[in-house]
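Tertiary structure, described
Letter by letter, the chains look like this.
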Amino acid sequence: MKSISALALAIALGGILFVTGTVNAQDETTKEITVSGETGLKWVNTGITVAVGDTVRLDAKGEVDVGGTWGIHGPEGTTNFSEQPPGYYPLETKMRYGLAAKIMPVPIREKKAQLIQTWIYGEKKEVIAARNGTLWLTVNDDAPEGNVGEFKVTVTVIKKKTK
């Protein structure tokens, strides 16, 4: 009788763990994105929608040769870059030539100006979404034409837990 009870308990626990795993899997989405070194101001739409409170985690690998004497850089970028007037780089940050990200709201006709949330991989690998929108990625370079290389980015979005 003890072996039947133990088997029943094992099956019951296995069922609970399976259900828990399924629930957790629904709360987390992972997608692989390739960001070409030639993106710059041509941001890559990941097709990933996030909501306020979601955790967005980036894990990037690879290198981009930005040409000239500016070198080869990983997704963290560098603090040694060509100074340009505002608007030349996708993001005006203390680090350039690395991976940059933004959450851009879906356009609403009634609203003209909408705030976007931006960050660079060299400063933050994970953020909590401050707004609803779509995740976009790029290489933070002012003159990306002719760059060689790419970043392979694993994007994980963990949905905010609701009570």
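This report concerns the structure included in the present document.

About the thresholds
- Residues numbered from 1 in each chain as written.
- Predicted model: local features only at pLDDT ≥ 70, side-chain atom pairs only at ≥ 80, totals over all residues.
- Heavy atoms only, no water.
- Helix = DSSP H or I, 4+ residues; strand = E, 2+ residues; numbered from the N terminus.
- Buried < 20%, exposed > 50% of the residue type's maximum accessible area, 1.4 Å probe, protein only.
- Phe/Tyr/Trp six-rings, centres within 6.5 Å; stacked < 30°, edge-to-face > 60°.
- Lys NZ or Arg CZ within 6 Å of the ring centre and 35° of its normal.
- Salt bridge = Lys/Arg side-chain N within 4 Å of Asp/Glu carboxyl O.
- Pairing = 2+ DSSP bridges.
- Axes fitted to C-alpha atoms, helices over the stretch in contact; angles between N-to-C directions.

A few points about unusual backbone geometry
Even without being glycine, tyrosine 97 reaches a positive phi, approximately 70 degrees. Residue placement: tyrosine 97 occurs in the loop between strand E4 (72-73) and strand E5 (99-104). With relative accessibility at 2%, the residue tyrosine 97 sits in the buried group.

Notes on the packing of aromatic side chains
Applying the stated rule across the entire model yields 3 aromatic pairs. Taken together, a centroid distance of 5.9 Å and an interplanar angle of 75 degrees make the contact between phenylalanine 81 and tyrosine 89 edge-to-face. Looking at phenylalanine 81, the relative accessible area reads 13%, which means it is buried. Between tyrosine 89 and tyrosine 97, the aromatic rings sit 6.2 Å apart at their centres with planes inclined by 55 degrees, giving tilted as the arrangement. In this pair, the class of tyrosine 89 matches that of tyrosine 97, namely buried. By the ring-pair criterion, three or more aromatic residues cluster together here, those being Trp70, Phe81, Tyr89 and Tyr97. Here lysine 125 stacks its cationic end above the ring of tyrosine 121, 4.4 Å away from the centre of that ring.

Focus on the pattern of salt bridges
Taken as a whole, this structure holds 6 salt bridges when the rule is applied. In this structure, arginine 57 engages glutamate 126 in a salt bridge whose closest nitrogen and oxygen atoms are separated by 2.7 Å. Residue arginine 57 is found in strand E3 (residues 55-65), and its partner glutamate 126 is found in strand E7 (residues 126-128); the two are separated by 69 residues along the sequence. We note a salt bridge from aspartate 59 to lysine 61, for which the minimum N-O separation is 3.1 Å. On the basis of relative accessible area, aspartate 59 is assigned to the partly exposed category, the value being 36%.

Concerning the sheet that holds strand E8 (residues 133-139)
Here we have 4 strands laid out as an open sheet, ordered E2-E8-E5-E6, and antiparallel in their pairing. The sheet terminates laterally at strand E2 (44-50) and strand E6 (117-120), the two strands that pair on one side only. Ignoring which end each strand starts from, the neighbouring axes of this sheet average 20 degrees apart. Pairing between E5 and E6: 4 bridges, direction antiparallel. From the neighbouring strand, isoleucine 103 faces E6, where its bridge partner is glutamine 117.

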